[in-house]
Amino acid sequence: MERLRQRADFLAVANNGARVNTAAFTVQARRRDDQGPPRIGFTVSKKNGTATERNRIRRRLRELVRRIDDVAPDDIAPNKMALRPHNDYVLIGRRPALSRDFKTMLDDLRTSLDRLDRQTAKARP
RNA sequence: UCAGUCGGCCGGACGGCCGCUCCGGCAAGCACCGAAAGGUCGUCGGAGAGGAAAGUCCGGGCUCCAUUGACAUGCGGUGCCGGAUAACAUCCGGCGGGGGCAACCCUAGGGAAAGUGCCACAGAGAACGAACCGCCCGCCCUGCGGCGCAAGCUGCGAGGGCGAGUAAGGGUGAAAAGGUGCGGUAAGAGCGCACCGCGGUUCCGGCAACGGAACCGGCAUGGUAAACCCCACCGGGAGCAAGACCGAAUAGGGACGGUUACGCGGGCAGUUCGCGGAAUGCGACAACGCCCGCGGGAGCGAUGUCAGGCUCGCCGUCCGGGUAGGUUGCAGGAGGUCGCGCGCAAGCGCGAUCCCAGAGGAAUGGCCGUCACGUAUCGUGCCGCGCGACCGGCGCGGUGCCCUACAGAACCCGGCUUACAGGCCGGCUGAUGCU
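The structure presented is a predicted model; accordingly, all values stated were derived computationally and were not measured. Every chain's residues receive numbers from 1 upward, in the order its sequence appears when written. Chain labels run from A onward and ligand labels from 1 onward, assigned in the order the entries are written. Selection of residues for local features in this predicted model requires a pLDDT of at least 70, selection of side-chain atom pairs for listing and counting requires 80 or more, and totals for whole chains, interfaces and linings are taken over all residues. Excluded from the side-chain calculation are hydrogens and water; included are all heavy atoms of the structure.

*Asks:* What is the right way to look at the protein's contact with RNA strand B in this model?
*Replies:* The environment of RNA strand B is formed by 20 residues, the closest being Arg3, Thr43, Arg56, Arg59 and Arg62. Throughout, near means a residue has at least one heavy atom within 4 Å of the molecule or strand. In RNA strand B, atoms within 4 Å of the protein come from the sugar-phosphate backbone in 61% of cases. Polar contacts, as counted here, are pairs of nitrogen or oxygen atoms within 3.5 Å of one another; within protein the pair requires one atom able to donate a hydrogen and one able to accept it, and residues that are adjacent in sequence qualify only if both atoms are side-chain atoms. Arg56 places a side-chain nitrogen or oxygen 2.6 Å from a phosphate oxygen of RNA strand B. Within the side chain of Arg62, an N or O atom sits 2.5 Å from a phosphate oxygen of RNA strand B. Secondary structure counts use DSSP, requiring at least four H or I residues in a row for a helix and at least two E residues in a row for a strand, with both numbered from the N terminus. Every element with two or more residues in the surface near RNA strand B is listed here: α1 (7-16) and α2 (51-67). No other element matches α2, which puts 11 residues into the surface near RNA strand B. Residues are grouped as follows: nonpolar covers Ala, Val, Leu, Ile, Met, Phe, Trp, Tyr, Cys and Pro; charged covers Asp, Glu, Lys and Arg; every other residue, Gly included, is treated as polar. Looking at the surface near RNA strand B residue by residue, the classes come out as four nonpolar, five polar and 11 charged.

*Asks:* In this structure, what is going on with the pairing of strand β5 (residues 87-93)? I would like to understand it.
*Replies:* For a regular strand, side-chain orientation follows a simple rule: the groups alternate between the two sheet faces. Exposure categories follow from relative accessible area, calculated using a 1.4 Å probe and restricted to protein chains: below 20% of the type maximum is buried, above 50% is exposed, and the middle band is partly exposed. The buried count for β5 comes to six of seven residues, which makes it a mostly enclosed element. When DSSP finds two or more bridges between a pair of strands, those strands are recorded as paired. In this structure, strand β3 (residues 25-31) lies alongside β5, joined through seven bridges in antiparallel fashion. Bridge pairing in β5 links Arg30 to Asp88. Pairing of strand β4 (residues 39-43) with β5 involves five bridges; the strand directions are parallel.

*Asks:* Can you help me understand the pattern of salt bridges in this one?
*Replies:* Oppositely charged side chains can form a pair if their charged atoms are brought close together. In what follows, salt bridge is the name for a side-chain nitrogen of Lys or Arg lying within 4 Å of a carboxyl oxygen of Asp or Glu. Counted according to the given criterion, the structure contains two salt bridges. Arg95 is the partner of Glu53 in a salt bridge, and the nearest nitrogen-oxygen pair spans 3.4 Å. Taken together, the positions of Glu53 in helix α2 and Arg95 in the loop between β5 and α4 (102-123) put the pair 42 residues apart, joining distant regions of the chain. Assessed through its relative accessible area of 25%, Glu53 is described here as partly exposed. For Arg95, a relative accessible area of 42% translates into the label partly exposed. Note that Asp107 is salt-bridged to Arg110, the shortest N-O span being 3.6 Å. Of this pair, Asp107 and Arg110 are both found in helix α4, three residues apart, which corresponds to roughly one turn of the helix. Judged by relative accessible area, Asp107 falls into the partly exposed class, the value being 43%.

*Asks:* How do you make sense of the nonpolar core when you look at a structure like this?
*Replies:* Most often, soluble globular proteins keep nonpolar side chains buried together rather than apart. Buried residues of nine kinds, namely Ala, Val, Leu, Ile, Met, Phe, Trp, Tyr and Cys, make up a nonpolar core once their side-chain atoms join them within 4.5 Å. Counting residues in hydrophobic clusters, the biggest one holds 23 residues, and the most contacted among them are Phe25, Leu61, Leu109 and Leu116. Every element with two or more residues in this core is listed here: β2 (18-21), β3, β4, α2, β5 and α4. With five residues, α4 is the single largest residue contributor to this core.

*Asks:* What is the right way to read α2 from this model?
*Replies:* An α-helical turn contains 3.6 residues, so any two residues separated by three or four positions project in the same direction. For α2, with 17 residues, the first-to-last C-alpha span of 24 Å sits near the 24 Å given by 1.5 Å per residue. Listed in full, the buried residues belonging to α2 are Arg54, Ile57, Arg60, Leu61, Leu64 and Val65. The arc that holds the buried residues of α2, viewed along the axis, is 145°, so those residues lie on one side. Of the residues in α2, the exposed ones pointing more than 90 degrees away from the buried face are Thr52 and Arg59. Under the convention used throughout, the expected extent of a helix is 1.5 Å for every residue step, that is, one less than its residue count. Taking the helix axis as origin, the arc is that swept by the directions to the C-beta atoms.

Structure, rendered in structure tokens:
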């Protein structure tokens, strides 16, 4: 996956306004005006714990993003769940991400992405 | 067997599926991102967190800046001795002091006769040596007793007063001016003596810290230096966000060219310079900049003219600095392992062998399975004492829980400190039992 690495990119996504909260993380999204693949960044601030715990949160979030395309339930159209190209996403980790069930978090991410899609569709008619 | 003490080590294992980062080989289109610098994408093989990676408390390497050298002063640090080391506040081996039956542990351990300060409370007294209660002596008064007819004489483990002696005892304190004992004395006192302590000298042992012995001195020097201070030794500053290279967009700077398109005057500034003992004094200077004024010019309002206003250069090419960003520094090192030698040891030397993380919004992971370990509980077998109950120990089986503590490299090393579930190994000491 393409990663966001520069501070300016993170600020751009944060200022876009499209965001969805779940128990374990917050998702922010921003549409770019180019033809590149989706890019994603992770933010886990210091208030979430020690360096070891923050590492673990980021790794589980990263694994979520990697798995999002793999196994889509049959009852939902797969292209609706995936990360969209020419979009930037930022996942902000929270402390429950340390211990929350992995499959539950995967469902969380799917519904969040779905809601983000509808938000951005509403925002730019 | 129990209790203790010291040292060392490990810090889940194996497997499956799907991934991440780096290195090396091969292959490489000119595809993708970017204005550029540069980065991304394939395949095969290999490697990929710790004992503390942590705190950032010391010591170095490395980098840049500063620096003629030496001395002095200031500031900071270190502080028994010897050794190890690149260096250290570290380590090793000793010494002194303190604690423990012992193994062993603790120790910021120079100087208090250079000077200054402080020593609360209690207590009479806390430092140019004190005298409260006492003890003792002398004198006087009172009291009591004896002798005497009386005046008086005389005695007293009695009371009081005055004067002198004393520091043994009591009491206060963290500490009371050497300690204990004997002698001595009116009572006492290093006043004398013995031992201990202290100080000095000499000798012996030791590289040294220091230890031992002999002799001398009657005792002089209270404590506090993590109070100031004194002495000895050490120390430039900042850090990989160091530093090096590449380098936009935008704004701003310079040069040249084009365009008629700027010129002049004054003021301001300041770790500046000169004069001066000095001033807020006098004088000088100024690239760039800021302000004011004068003259000229250009542009702007639908257009022309006049008056007034506003703005002040524009275009092109090149150059330099520098920001975002990129690359590098950045993984072969005071390196690991093994062997031999030297050393009590810390460690050192020689030889062989190995290459062992390198991210950058930060790789080393996610989801599972099996097993081990631990723990709880249930069932069952054996042992204890002949049996039963209870209890304890051991074994087997089932189930549940934890399915693992502290914790994540960030330029690199040597240390220190702090955190840590559970476990393993070894040395030593004490007590007890058996032979």
